[in-house]
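Overview (structure and organization)
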Amino acid sequence: MGYARSAPWLPGLADRVADSQVARWDEAMPYVPTGHATAVQRYRDRLPAASPVLLAGDYLGFPWSDSAAFNGRWAADRLIADHAG
Ligand SMILES: Cc1cc2nc3c(=O)[nH]c(=O)nc-3n(C[C@H](O)[C@H](O)[C@H](O)COP(=O)(O)OP(=O)(O)OC[C@H]3O[C@@H](n4cnc5c(N)ncnc54)[C@H](O)[C@@H]3O)c2cc1C
């Protein structure tokens, strides 16, 4: 997408990008290895209360932006819960 076309959604971006490259893959699908969800749940179950560091990002779920948002929300909720009151 040309940066000028993205201006309504990302104001100011077109003026700040010096260079870019677009690559299009005809056939590609991200995946996660078997056992990934179990490992993520184990991490969450063992996370110390009020931990100063929380992991967040799409890699904790499936590599899509929905997962990034979901896991970011999880981390934010956890921080708020740990530091409330
Ligand atoms: C080619 C491609 C096509 C995609 N298409 C789609 C799509 O159509 N729909 C969709 O929903 N999702 C798509 N995705 C996936 C989507 O882009 C990701 O799921 C989403 O961007 C993940 O967000 P995130 O915040 O978890 O991680 P990121 O967006 O990767 O952000 C992580 C940030 O952390 C920074 N960082 C890393 N290490 C360090 C460090 N040590 N110190 C400081 N900063 C660091 C990185 O520079 C980066 O800015 C696509 C991804 C790719 C690569």
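Helix and strand counts for the protein come out as three helices and zero strands. When its helices and strands are written in sequence order, the protein yields α-α-α. With the C-alpha coordinates aligned to their principal axes, the bounding extent of the protein is approximately 45 × 35 × 20 Å. Relative to its 85 residues, the protein shows a buried fraction of 1%. Within the protein, contacts between residues separated by at least 24 positions form 23% of all contacts whose residues are at least 6 apart in sequence.

Surveying the vicinity of the ligand reveals the residues Gly57, Asp58, Pro63, Trp64, Ser65, Asp66 and Ala68. Here the shell around the ligand is built from residues that sort into three nonpolar, two polar and two charged.

Here the phi dihedral of Ala50 falls at roughly 55°; this positive angle occurs in a residue that is not glycine. Tracing the backbone shows Ala50 in the loop between helix H2 (36–46) and helix H3 (65–83). Taking the number of C-beta atoms within 10 Å as the measure of exposure, Ala50 has 10 and is therefore exposed.

Next up on the list: the confidence of the model for the protein. Chain-level statistics for the protein give a pLDDT mean of 89 and a share of 96% at 70 or above. No element of the protein has a lower mean pLDDT than helix H1 (residues 13–16), which averages 83, and none a higher one than H2, which averages 96.

How each quantity is defined
- Residues numbered from 1 in each chain as written.
- Predicted model: local features only at pLDDT ≥ 70, side-chain atom pairs only at ≥ 80, totals over all residues.
- Helix = DSSP H or I, 4+ residues; strand = E, 2+ residues; numbered from the N terminus.
- Buried ≥ 20, exposed ≤ 12 C-beta atoms within 10 Å, placed from the backbone.
- Contact = placed C-beta atoms within 7 Å.
- Near = placed C-beta within 6 Å.
- Nonpolar A, V, L, I, M, F, W, Y, C, P; charged D, E, K, R; others polar.
- pLDDT = per-residue confidence, 0-100.

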